[in-house]
Amino acid sequence: MIISPSLLACDFGNIQKEVEMLNQSEADWIHIDVMDGVFVPNISFGFPVLEAVRKHTSKVLDVHLMVQDCSPYIEAFKKAGADWLTVHYEACTHLHRTLTQIRDCGMKAGIALNPHTPISVILPLVSEVDLVLIMSVNPGFGGQKFIPNAINRVQELAQLREKTNASFLIEVDGGVTMDNAQALKSAGADALVAGSFVFHSPQPSTTITALKNC
Ligand code: DX5
Ligand code: ZN
């Protein structure tokens, strides 16, 4: 299982220390949530924070854009240090073009699906995408309650992947804890994002190991 702790829940007054903790941990990726205040009703952070994190880690930076029509910014995300760039199906008018742009810049391309979006929308794009992110909360905030139907959605997506002979990874984001990690794994998830559950636990690196071995 790939574990991608979400920095949104870290102590921003000590971001370097938090990243160093992740460097020493079994985290595979670092999840970075960029929110624009338009696509989601919240604003998080942008390029300067991403660049700062990049300077302190060689872990894979898994960047989740909650940004309306992000096309003009794709190259800038590559320059700032993103390795994987995931955009929302609901926020991209020209999604095929956006995914192509991401790959042309040398990044892996992901599509995120809100809880209400049918899984089948990715069918025309299965060969253009390296990762599909199933949102298990409505995006915009950390610390929300896991929506149990996400487990069925992961299962449906894993079946679609098999049927189409596709090879994208399945990632789940929102309210992930030890209470649902195992079920998500059995359903077909390859990567789990966890914010509050990791950073608000007494021993974040032990929590990461526990999730990794779920
Ligand atoms: C929510 C973000 C998540 C968030 C997860 O919009 O995409 O990545 O940080 O946080 P938790 O794990 O606390 O739900
Ligand atoms: Zn996220």
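Basis of the calculations
Residues numbered from 1 in each chain as written. Chains lettered and ligands numbered in written order. Predicted model: local features only at pLDDT ≥ 70, side-chain atom pairs only at ≥ 80, totals over all residues. Heavy atoms only, no water. Core = buried A, V, L, I, M, F, W, Y, C linked by side-chain atoms within 4.5 Å. Buried < 20%, exposed > 50% of the residue type's maximum accessible area, 1.4 Å probe, protein only. Helix = DSSP H or I, 4+ residues; strand = E, 2+ residues; numbered from the N terminus. Contact = heavy atoms within 4.5 Å. Donors = N, O, S within 2.8 Å, 3.2 Å for Na, K, Ca; no water. Tetrahedral: all angles 85-135°; square planar, octahedral: opposite > 155°, others 65-115°. Pairing = 2+ DSSP bridges. Axes fitted to C-alpha atoms, helices over the stretch in contact; angles between N-to-C directions.

Attention now moves to the nonpolar core. Counting 63 residues, the largest nonpolar core has Leu-7, Ile-32, Val-63, Leu-65, Leu-85, Ile-122 and Phe-168 as the members making the most contacts within it. No other element matches the five residues that helix 5 (residues 149-163) contributes to this core. Every residue in contact with Val-63, bar those within four places of it in the chain, is listed here: Ile-32, Val-34, Leu-50, Phe-77, Ala-82, Trp-84, Leu-85 and Thr-86. Trp-29, Trp-84, Leu-131 and Met-135 belong to the second largest nonpolar core, which has nine residues in total.

What follows deals with the coordination of the zinc ion (ligand 2). Distances from the zinc ion (ligand 2) to its protein donors, His-31 (NE2), Asp-33 (OD), His-64 (ND1) and Asp-173 (OD), fall at 2.0 to 2.3 Å. Its six donor atoms give the zinc ion (ligand 2) angles of 71 to 170° at the centre, a pattern that matches the octahedral case. Written as a sequence motif, the donor residues of the zinc ion (ligand 2) are H-x1-D-x30-H-x108-D. Of the two residues, Asp-33 is situated in strand 2 (residues 29-35) and His-64 in strand 3 (residues 60-66); the sequence distance between them amounts to 31 residues. Of the two residues, Asp-33 and His-64, both sit in the buried class.

What follows is about the sheet that holds strand 7 (residues 169-173). The eight strands are arranged 1-8-7-6-5-4-3-2 in an open sheet whose pairing can be described as parallel. A strand with exactly one partner marks an edge of an open sheet, and here the two such strands are strand 1 (2-5) and strand 2. Put simply, the sheet's adjacent strands are angled 25° from each other on average, direction ignored. Of the strand pairs in this sheet, strand 5 (residues 108-113) and strand 6 (residues 131-135) are connected by four bridges, and their pairing is parallel. What sits directly across from Ile-111, in strand 6, is Val-132. Contacts between helix 2 (residues 47-56) and the sheet are confined to strand 2 and strand 3, with strand 3 contributing the most and set at about 170° to the helix.

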